[in-house]
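Structural description and commentary
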Amino acid sequence: MTFEKMIATRDGFGDEIVELGKEDKNVLVVDADIGKSCKTGAFRKELPEQYLNVGIAEQNCAGVAAGLATCGKIPFVVTYAAFGSMRMCEMIRQEACYPNLNVKVACSHGGVTPANDGASHQSIEDMGIYRSIPNMTVIMPADYWSTRKLVRAAAEKHGPVYLRFTRDKVPVIYDENTEFVIGKANQIRDGKDVAIIANGDTVRLAIQAAEELEAQGITARVLDMHTIKPLDVEAVQACIDDIGAIVTVEDHNIMNGLGSAVCEVAAEAGRGKVKRIGIQDQFGQSAPYERLLEMNGVTVENIVAQAKTLIG
C-alpha cells in the first residue's frame, strides 16, 4: 500500500468536533488551555457558546464535564494524553465512570509521539489505565478518516469514552467512505500464516510488514483494533482458530494495552501463540518519534522478524 498523504489524527478530531458541534448544540469542548496543540481552535472560533476553557486544571476539567453531562450535555474534555489519563484519572473514575456519565476524554499526544518533549509528555500507560476502569470505552484511531468516524461514534454512544490521538503526522490509510464500529476491528487484509493486530499509529507498520512478509511467501491477516475496550474478542478468537500465530503492535507499554488484551483472549482459549511489540516497559527520552519507536523494536523489521519466529 502506498501512503500518499500524512495527517496527524489530532487534526481529524479538530475537524470532526466542529461538525458535531454545529449539528448538536449539546456537544461542548472543555479545554485545559491547550487548544492550539489539541486542535480545538476552530471550534472555539466558530462555536464560542459551546466552548469552555478552564485553564491548566485538568482535574477541574473532569468535574466540570461531569456536571455538564448531568444536564444532558455531551462534553469533550481536551488535553494531552499524559494529563488526561494520569493527572485526572481519579476524577474521571469517580465522577464520570462510576455514575456512567456521558463524558468524552479526547487526548492528543498519545504514545511516544510527543518525541522531543520527553518522558513527562509521552503517555505510554494511558490506555491501560482506562482499560481497567469499569464503564470506560478506549479507542485509538489509525488515521484521519478513522478518527473522524470514531469521534462521531463516540459522541453518539452514551457513557465515558477515552479517545487517543497522535501529535505526529501519520499516513492516511482509509477513505471517507470506510465505516467504523466501536468494538469491532477493521480487517485490512487477510492471510493464513500469521495475524498482525495493531492500533493507532502502528497500523501503518503492520501493513508494511504484511507486504514484506508477502514478498517472502508468507501471508498475514492485518487487523486495525482501534477499540481495545471493548475488545473485539470474536476477531481475536478467529485469528486463534484460523491461524494460531499473532503479533500485536502498539505505541503503548506492552503491559495492560492491546498486547495484554489479546493475550488474555488467547490464555482463556488455552491456545495460540502471541508476540507483543510495543514500548518495553521503559520511560522514553527526548528523541525523534521514529527513533523512540526503533528503541523499543516498534519497526517493520521487527514485526517481520517476530512473525517469522512464530511460524517457525
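We now turn to the structure provided with this report. Since the structure is predicted, the reported quantities are computational estimates derived from the model, not experimental observations. (Residues numbered from 1 in each chain as written. Predicted model: local features only at pLDDT ≥ 70, side-chain atom pairs only at ≥ 80, totals over all residues. Heavy atoms only, no water.)

What to know about the pattern of salt bridges
Defined as follows: Definition used for salt bridges: Asp or Glu carboxyl oxygen within 4 Å of a side-chain nitrogen of Lys or Arg. Numbering of helices and strands runs from the N terminus, with a helix taken as a DSSP run of H or I at least four residues long and a strand as a DSSP run of E at least two residues long. Here's how the labels work: a residue is buried when its accessible area is under 20% of the maximum for its type, exposed when over 50%, partly exposed in between, all with a 1.4 Å probe on protein chains only.
This model, assessed by the stated rule, comprises 17 salt bridges. Between Arg 221 and Asp 190 there is a salt bridge, with the nearest N and O atoms lying 2.8 Å from each other. Separated by 31 residues along the polypeptide, Arg 221 in strand 11 (residues 220-224) and Asp 190 in the loop between strand 9 (186-189) and strand 10 (194-198) bring together distant segments of the chain. Exposure remark for Arg 221: the relative accessible area of 9% places this residue in the buried category. Close ionic contact of Arg 204 with Glu 290 constitutes a salt bridge, the shortest N to O distance being 3.2 Å. Here Arg 204, found in helix 9 (residues 203-215), pairs with Glu 290, found in helix 12 (residues 289-295); they are 86 residues apart in sequence, far enough to count as distant. The exposure class of Arg 204 is buried, given its relative accessible area of 10%. Look at the salt bridges and you will find they share partners, linking Glu 16, Glu 23, Arg 148 and Arg 152 into a network.

Details of the environment of Met 86
Rules: Here a residue-residue contact requires only that any non-hydrogen atoms of the pair lie within 4.5 Å.
Within the secondary structure, Met 86 sits in helix 5 (residues 81-87). When its relative accessible area of 37% is taken as the criterion, Met 86 is described as partly exposed. When near neighbours in sequence (up to four residues on either side) are disregarded, Met 86 contacts Ser 123, Glu 125 and Ile 129.

Details of the sheet that holds strand 14 (residues 273-279)
Rules: Strands pair, by our definition, only if DSSP identifies at least two bridges between them. Think of each axis as a best-fit line through the C-alpha atoms, taken over the contacting stretch in the case of a helix, with angles from 0 to 180 degrees between the N-to-C directions.
The five strands lie next to each other as 9-11-10-13-14, forming an open sheet whose pairing is mixed. Two strands bound the open sheet, and with one partner strand each, they are strand 9 and strand 14. Geometrically, the sheet is characterised by an average inter-axis angle of 25° between neighbouring strands, direction not taken into account. Of the strand pairs in this sheet, strand 10 and strand 11 are connected by five bridges, and their pairing is parallel. Bridge pairing in strand 11 links Ala 195 to Arg 221. Along the sheet, helix 10 (residues 233-242) makes contact with strand 10, strand 11 and strand 13 (245-253), crossing strand 11 at roughly 170°.

Some details on the packing of helix 1 (residues 9-23) against helix 8 (residues 144-156)
The condition that has to hold: Angle categories: roughly parallel below 35 degrees, roughly antiparallel above 145, roughly perpendicular from 65 to 115, and oblique for all the rest. With the far helix as reference, a near helix turned anticlockwise by less than a right angle produces a left-handed crossing, and one turned clockwise produces a right-handed crossing. Under the scheme applied here, ten amino acids are nonpolar (Ala, Val, Leu, Ile, Met, Phe, Trp, Tyr, Cys and Pro), four are charged (Asp, Glu, Lys and Arg), and all others, including Gly, are polar.
Where helix 1 meets helix 8, the closest approach of the two axes is 8 Å, and the angle between their N-to-C directions is 40°. The orientation of helix 1 with respect to helix 8, classified from their angle, is oblique. Crossing of helix 1 against helix 8: the hand is right-handed. Along its contact with helix 1, which presents Thr 9, Asp 11, Gly 12, Phe 13, Asp 15, Glu 16, Glu 19, Leu 20 and Glu 23, the element helix 8 presents Tyr 144, Thr 147, Arg 148, Val 151, Arg 152 and Ala 155. Among the residues making up the contact of helix 1 with helix 8, the classes are represented as five nonpolar, three polar and seven charged.

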